[in-house]
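Spelled out from the first residue to the last, the chains are:
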Amino acid sequence: MANDPFAKHARYFRDALVRAQYRNAAAKIFPDNTFLMRFYKNVIGEDGGEMNRADMICARLFDDPTLLRNVDPKDALRKGKDA
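Residues numbered from 1 in each chain as written. Predicted model: local features only at pLDDT ≥ 70, side-chain atom pairs only at ≥ 80, totals over all residues. Heavy atoms only, no water.

1. Focus: the side chain of Arg-19
Here Arg-19 lies in helix 2 (residues 10–21). Despite its burial, Arg-19 pairs with no opposite charge; the closest candidate is Asp-32, at 4.5 Å N-O. If sequence neighbours within four positions are ignored, Arg-19 has contacts with Ile-29, Phe-30, Pro-31, Asp-32, Phe-35, Met-56 and Cys-58. (Helix = DSSP H or I, 4+ residues; strand = E, 2+ residues; numbered from the N terminus. Buried < 20%, exposed > 50% of the residue type's maximum accessible area, 1.4 Å probe, protein only. Lys, Arg positive; Asp, Glu negative; His and termini not counted. Salt bridge = Lys/Arg side-chain N within 4 Å of Asp/Glu carboxyl O. Contact = heavy atoms within 4.5 Å.)

2. Some remarks on the environment of Glu-50
Mapped onto the elements of the fold, Glu-50 is located in the loop between helix 3 (34–43) and helix 4 (59–63). Overall, the relative accessible area of 61% leaves Glu-50 in the exposed class. For the pair Glu-50 and Arg-38, spaced 12 residues apart in sequence, the C-alpha to C-alpha distance is 8.0 Å.

Geometric values such as these leave the question of function open.
Pasting the structure below:
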């Protein structure tokens, strides 16, 4: 097997690994291996569907930054060169 699928979709793969392990009970977000399975299916040639990183976003955390752990909510969505 060539390394091409991993090289081409390295960021998706990394994010899928994180999403498969991420849990935030307060936000009702639990581990989800759907994205990891989609990646693997695409790698082995099955139609796993489109690999879109935006699908992994846990919108509830953006809607209510107080649900974030270990991050001050006022800094959670900070943008710019200091972020």
